[in-house]
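Coordinates in review
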There are 2 protein chains.
Amino acid sequence: MSKPYVIGIDIGGTNTVFGIVDARGMVVASSSIKTQKHNNINDYIDELYTETMRLVDACDAEGKIHGIGIGAPNANYFTGVIEDGVNLPWATPIPLAKLVSDKFGIPVAITNDANAAAIGEMTYGAARGMKDFIMITLGTGVGSGIVINGQMVYGHDGFAGELGHVIMKRNNGRLCGCGRTGCLEAYCSATGVARTAREFLESRNEPSKLRDIPTEDITSKDVYDAAIAGDKLAKDVFEFTGKILGEALADFTVFSSPQAFILFGGLAKSGDLLLKPLRNSLDKNMMGIFKNKVKILVSELKEADAAVLGASALGWEAK
Amino acid sequence: MSKPYVIGIDIGGTNTVFGIVDARGMVVASSSIKTQKHNNINDYIDELYTETMRLVDACDAEGKIHGIGIGAPNANYFTGVIEDGVNLPWATPIPLAKLVSDKFGIPVAITNDANAAAIGEMTYGAARGMKDFIMITLGTGVGSGIVINGQMVYGHDGFAGELGHVIMKRNNGRLCGCGRTGCLEAYCSATGVARTAREFLESRNEPSKLRDIPTEDITSKDVYDAAIAGDKLAKDVFEFTGKILGEALADFTVFSSPQAFILFGGLAKSGDLLLKPLRNSLDKNMMGIFKNKVKILVSELKEADAAVLGASALGWEAK
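Scope of this entry: the structure provided in the associated data block. Bear in mind the structure is a predicted one, so any value in this text is a computation, not a measurement.

Let's shift gears to the relation of the copies chain B and chain A. Rotating chain B by 180° and moving it 0.0 Å along the rotation axis overlays it on chain A with an RMSD of 0.1 Å. What the superposition gives is, in effect, a two-fold axis relating one chain to the other.

Adjacent strands of a sheet pair through backbone hydrogen bonds, lying either parallel or antiparallel. Residue and element names in this part refer to chain A. If you walk across this open sheet you meet the five strands as β8-β7-β6-β9-β10, and the pairing is mixed. Edge positions in the open sheet fall to β8 (151-152) and β10 (295-298), since each of these has one partner strand only. In this structure, strand β9 (residues 260-264) lies alongside β10, joined through four bridges in parallel fashion. By the bridge assignment for β10, Ile 262 is matched with Leu 297. Most of the contacts of helix α3 (residues 113-124) go to strand β7 (residues 142-148), to which it runs at about 50°, and overall it touches β6 (133-138), β7, β8 and β9.

For the rest of this paragraph, the subject is the side chain of A:Asn285. All names here are of chain A. You can see Asn 285 is positioned in helix α8 (residues 272-285). We classify Asn 285 as buried; its relative accessible area is 18%. At 2.8 Å, the side chain of Asn 285 and the backbone oxygen of Ser 281 are in polar contact.

Residues and elements named next belong to chain B. All of the buried residues along helix α6 (residues 220-228) are Ser 220, Val 223, Ala 226 and Ala 227. One face of α6 carries all of its buried residues, which in axial projection span an arc of 125°. Elements in contact with the buried residues of α6: α5 (190-203), α7 (232-256) and α8 (272-285). Residue Gly 230 follows α6 closely and has a positive phi angle near 95°.

At the interface, 38 residues of chain B touch 38 residues of chain A. With both sides pooled, the region where chain B packs onto chain A buries about 3500 Å², and carbon together with sulfur makes up 57% of that total. Of all residues in chain B, B:His156, B:Arg170 and B:Phe255 bury the most surface against chain A, accounting for 24% of the area lost on that side. Residue A:Arg170 pairs with B:Asp251 through a salt bridge whose shortest N-O separation is 2.9 Å. Put simply, the parts of the chain that give the side of chain B that touches chain A at least two residues each are β7 (142-148), β8 (151-152) and α7 of chain B.

Quick notes on the rules
- Residues numbered from 1 in each chain as written.
- Chains lettered and ligands numbered in written order.
- Predicted model: local features only at pLDDT ≥ 70, side-chain atom pairs only at ≥ 80, totals over all residues.
- Heavy atoms only, no water.
- Least-squares fit on C-alpha atoms with pLDDT ≥ 70 in both.
- Pairing = 2+ DSSP bridges.
- Helix = DSSP H or I, 4+ residues; strand = E, 2+ residues; numbered from the N terminus.
- Contact = heavy atoms within 4.5 Å.
- Axes fitted to C-alpha atoms, helices over the stretch in contact; angles between N-to-C directions.
- Buried < 20%, exposed > 50% of the residue type's maximum accessible area, 1.4 Å probe, protein only.
- Polar contact = N/O pair within 3.5 Å; in protein donor to acceptor, adjacent residues only side chain to side chain.
- Arc of directions from axis to C-beta.
- Buried area = accessible area lost by both parts, 1.4 Å probe.
- Salt bridge = Lys/Arg side-chain N within 4 Å of Asp/Glu carboxyl O.

Read these as geometric descriptors, not functional statements.
Dropping the structure here:
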């Protein structure tokens, strides 16, 4: 192969991680820069170029890069544009694929971060060999990457797979970042878990370790730590979260009947605290013909790796 | 083409309609038999064979049939089996593809009726040229056929696309035929419309033409007729139905971002009575990035034709 490498870039709200990846999925070199450092997108791309080329030189890979794949929030595979990058410091829309491709002189393909993670999982992780699965990312928000017939689902406009925004509570639901109320994301993200804890603390009188923390400072990590230490209220927060997530996954199953759901991101590491109520709820809410078929798996990839590997896999199809 | 015809067969609860179709999608001959006439599946297939071969002879098509496509309730594309044919008079599972293929000596492919309708619509109807759309069948139940990247979505087990069974009411929902409560089908099918009318008649005191009909005899057609005649309560039933259907379609949109929803079946013919509240509700519930993108279309095919044409299109890929 005359061009045996691809570059994978994961643009997160805080860090941009990038790496040189070979055809077997080995990250031969990687590094990162701060996403927020430059208010001008061109300055950011200049630094990204300089730092990436440093890696390319170190690997003796100049002229050997087949393509660049990028995962970024709200990045549209079809247009190459970041349409509305909520947590990014630049004005949207950003024609990212063109900007990077012009700077590097290499073909670029982009997609959103959850899709990139799904591609990474399919190529190198828990979804190897699966043709039908759904990746659910449980982080600050709830994202998803849907694979059907072995292909990423982009939809007619490139925005498919916003499963964090199905409505789980039609009455009196929580306000979501998308402007509507009752979305899955408002309950089953890390932020949602903290909100649930605050609600429970306010509406109940029972003692809880979480009462030692100023209410507005409570994070999902605090709730996890308290639950692990046996705190009843904190455990109830995970019960509540798992129940809603199970209801949602049961609904998703009737859509594409996936072989597995793969959970990814901070909350996915909560183990049985989340998985047990999730599996109970999934079973209870599942339509008969799908019962006991769908697997719930936790991602096998390290978070940073999954994003870079997934983005890099997209680099092979860049043109 | 040495074998320029396919046979399309639509097995409904009441009638089985079948036709000989050419490569341009012309139904060159068609006929039907009663599905319920034979309690023994082999007798049914014998009659189907005799009547179909009568058409084949009349068209001088013997030896010119490329394949047979069949649409039937709960028919599994992967296994060729009708897994649980609620409204059919034979014990399930039925290895339908094998039985028909053995009898006719021609390759057979089967799928469920909603998928067959979607294939018909994509090949010959309102979805011509679309690669991403969702067919919603509003009949006795609510069925669906999902097309993504130009391919039918069957899921890993062949059962994908049961969109009539997403949960729309998580509390105090109506009992559904699937054994759970709150399913879309319990509200937005023809049966659901009649149930809503009965509920409204019981819980309200206002006059309505529908009070002249014995409550248990009310059908969706009665509700339609009353609404068209200006009956306030009957119109409210359609408002209620359209509102829930709009909420459901907004949720489906975040999944696969289709170009269009295509409505098919009895209720789809209700015109603005259903479409107006549906469009209002869809717009109100749609996530921002999808607003004003998704079309709501009504099937362009005659009901019988869509099923036979859709099933027949599957005959081209039978092997």
